[in-house]
Each structure stands twice: as structure tokens, then as C-alpha cells.
Amino acid sequence: MKLITTIKEIREIVSEWKKAGKTVGLVPTMGYLHEGHQSLIRQAHAENDKVVVSVFVNPTQFSANEDLSSYPRDIENDLEKSHEAGASLIFHPEVSEMYPDGFNTYIEAFGVTEVLEGASRPTHFRGVTTVVGKLFNIVQPDRAYFGQKDAQQAAVIEQMVRDLNFPVKVVCCPIIREEDGLAKSSRNVYLSEEEREAALVLSQSLKLAKKMLEQGEKSAEKIKQTMTEKIQQEPLAEIDYIKIVDHRSLQDVAVIEAAVLIPIAVRIGNTRLIDNFVFGE
Ligand code: PAF
């Protein structure tokens, strides 16, 4: 399993692959890979001849009050997990390779970025689109894989690809869940046994919403109210947001007539968890 650190070298390798008629899938990550990432790599492996996994803890998506240095890193584990899932190589550049002295250009999507997660992290998505745009230009993949777990990130990247005509297909892969419904996340390790149990309220509230939608409920307010009541029954849970939004524009919807995304963010003790589902796509 190769670990490539320079843009020059990854470009040479991908160019050889392309000359040989191979298709290339890209799975952008910040490392510390887990089963969720592996499911993206497996899907990329099934749909492309070659798979590049990028491992880069991107400083531009962290704000001044977020601790970049304490972000977990384990490149040995990343190599093993990527290999297991079928990756061809890991692209693992230094910060100075991606952002050399004098770097001063950003990609920014509007509308989809100011809401939900972006409301409390105003510069976060600008960092994400900038680094993903750079990775698209460096690797030139045919397809790029993102998790539905970070639904807003996927929507922001789709918007960027549409608006800036990147010749890449964005593939959004389903949320991987534990058997009892909890969405897999690297944050789940922070949950105590009691909190782990309490965290089930996220997927349970989404299930309730799904049932109401399937039964024909069209009022976003009524669905949000039912979800709120369900989550409030759990003493360890504190709601950050429950939203019903257009699945593309991410703007609030009052009457549900087209496809909607229902994203939620809930604190369980000190751990902030997110979950979501799309209805009617
Ligand atoms: O989802 C992530 O891990 C990051 O936001 C991404 C897409 C790799 C960009 O740094």
C-alpha cells in the first residue's frame, strides 16, 4: 500500500492510470479511518479501477477556537484500513504541500453553507470546499465519495461541483448504523454506557418522523414537534437543532411536497451527535 505525499507524484501516478484507460475514485478523509470510511472506500473500489484515499487534516476548515492539533491521527491504522477496503494508495500531503506560503484563494458556496452546521461554524464549509476543490484538481477523479452522515457537506460539495463545472460525479453513500440504529461516528467512543443508550433517541426520533411522512403528514412543524417531544423524554439529551429542509438548497420547508432532508444535532452529555435522513428523493 503506497503512501504518496507530493502533488507531483500523485499527478504522475494518476496520469499513468488514465493513459491505461483506468477510472479513478477519490475518497477524501481527514484520517483516523473507521468502518464508515471503509464503506466509502469499498463502494469506490466496486465502482472504479483505482481508488485514492486522501488523508489530510485540513486546517482551513477549523476555526480559531477549534483545536486542530488535538484532532486524532493514526496513519498506520489508515494504511491498514484503506488497504483492507480496497484502496490503491493513500495521498497524505503535508500542510505546506497543500497550502504553501502565499496561498490566498478560497472556494466559497453560499446559501447551503450558512445554515445547520454552518450557523455555528461560519468559515468551516469554505475550508471544506477549498480543500475538496484542490483535491479534485490534483487527483482528477471520475467519482468522489462522501457520507450521507455529513449530509450538509455532501450538499455543499454537490453545489460546488454544479456551479464550477468540476468533471466529477459526487457519490453520496448511505449512513452506516449499529444494529440498534445509532449512526456510526468516531465520536461514539466518547459516550459512557448510559449515554450510548440515551443516544438511540436520535435515530428513534428520525424513525418517528419517517413514519409520519409515510402516513402522509405534510406539516414540518408537526413532525418537528413530535421529534422534539421524543428527544426531550431523554434526560441526557439536549437538542441543538431539528430541521426539515429542502434536500438541495437546505432551506427550511414548512409544507412537505418535494424531497426533504431531516437533519438533527443533539448533545448527549458532552458529545454532540448528528444524524439525518432524506425523504421522497
Ligand atoms: O469529511 C471530512 O472528513 C472532511 O470534511 C473532508 C471532506 C475530507 C475535507 O477535509
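Position numbers for residues start from 1 in each chain and track the written sequence from start to end. A pLDDT threshold of at least 70 governs which residues receive local features in this predicted model, and a stricter bar of 80 or more applies before side-chain atom pairs are shown or counted, although totals over entire chains, interfaces and linings include all residues. Side-chain figures throughout are based on the complete set of non-hydrogen atoms in the structure, without hydrogens or water.

### Structural notes on the overall build of the protein chain
Right, on to step 1. The helix and strand tally for the protein chain stands at 10 helices and 10 strands.
Right, on to step 2. By its C-alpha atoms, the protein chain is 55 × 40 × 40 Å across when sized along the principal axes.
Right, on to step 3. Looking at the protein chain as a whole, 49% of its 281 residues qualify as buried.
Right, on to step 4. What sets the accessible areas is the Shrake-Rupley method with a 1.4 Å probe; for residues, cover comes only from the shown protein chains. For the protein chain, the computed accessible surface area is about 14100 Å², with 47% contributed by carbon and sulfur atoms.
Right, on to step 5. Averaging the positions of the 32 positive and the 42 negative side-chain charges in the protein chain gives two centres separated by 5 Å. Numbering goes from the N terminus for both helices and strands, where a helix is a DSSP run of H or I of at least four residues and a strand is a run of E of at least two. Burial classes: relative accessible area under 20% of the type maximum marks a residue as buried, over 50% as exposed, and values in between as partly exposed (1.4 Å probe, protein chains only). Residues scored as positive are Lys and Arg, those scored as negative are Asp and Glu, and His as well as the terminal groups of each chain are ignored. Charge placement uses NZ in Lys and CZ in Arg. For Asp and Glu, CG and CD serve respectively.

### What to know about a negative patch on the surface
Right, on to step 1. A cluster of acidic residues, D74, E76, E80 and E84, forms a negative patch at the surface.
Right, on to step 2. Inspection of the secondary structure assignment puts E76 in helix 3 (residues 75-85).
Right, on to step 3. For E76, a relative accessible area of 56% puts it in the exposed group. A patch is a set of surface residues, each over 30% in relative accessible area and not in a salt bridge, joined within 9 Å for like charges and within 5 Å for the nonpolar side chains Val, Leu, Ile, Met, Phe, Trp and Tyr. For this document, the term salt bridge refers to a Lys or Arg side-chain nitrogen within 4 Å of an Asp or Glu carboxyl oxygen.

### Looking at the pattern of salt bridges
Right, on to step 1. Inspection of the entire model under this criterion finds 12 salt bridges.
Right, on to step 2. Across the salt bridge formed by E16 and K19, the nearest N and O atoms sit 3.3 Å from each other. One end of the pair is E16 and the other is K19, both in helix 1 (residues 7-19) and three residues apart, which spans about a single turn.
Right, on to step 3. Residue E16 is classed as partly exposed on the basis of its relative accessible area of 47%.

### Focus: the packing of aromatic side chains
Right, on to step 1. Under the pairing criterion, centres of Phe, Tyr and Trp rings, with the six-membered ring standing for Trp, must be within 6.5 Å; the plane angle then separates stacked pairs below 30 degrees from edge-to-face pairs above 60, leaving the rest tilted. Tallied over the full model, the rule gives five aromatic pairs.
Right, on to step 2. Centroid distance F62 to Y71: 5.7 Å. Interplanar angle 85 degrees. Geometry classified as edge-to-face.
Right, on to step 3. Judged by centre distance (5.7 Å) and plane angle (75 degrees), the rings of F136 and F166 are edge-to-face. With F136 in helix 6 (residues 124-139) and F166 in the loop between helix 7 (151-164) and strand 6 (169-173), this residue pair connects regions lying 30 residues apart in the sequence.
Right, on to step 4. Each ring is checked for a lysine NZ or an arginine CZ that lies within 6 Å of its centre and within 35 degrees of its normal; such an atom marks a charge sitting over the ring. The aromatic ring of Y106 is capped on one face by R126, whose charged end is 3.9 Å from the ring centroid.
Right, on to step 5. The ring of Y99 carries the charged tip of K134 above its face, separated from the ring centre by 5.8 Å.

### Some words on the pairing of strand 6
Right, on to step 1. The criterion for strand pairing is that DSSP finds at least two bridges linking the strands in question. Of the pairings in the sheet, the one linking strand 5 (residues 143-147) to strand 6 comprises five bridges and is parallel in character. Of the residues in strand 6, the one forming a bridge with Y145 is V171.
Right, on to step 2. Regarding topology, helix 7 serves as the crossover connection from strand 5 to the parallel strand 6, and that connection is right-handed. By definition, the crossover connecting two strands over a helix is right-handed if that path, from the first strand to the second, turns clockwise as seen with the strands pointing away from the viewer.

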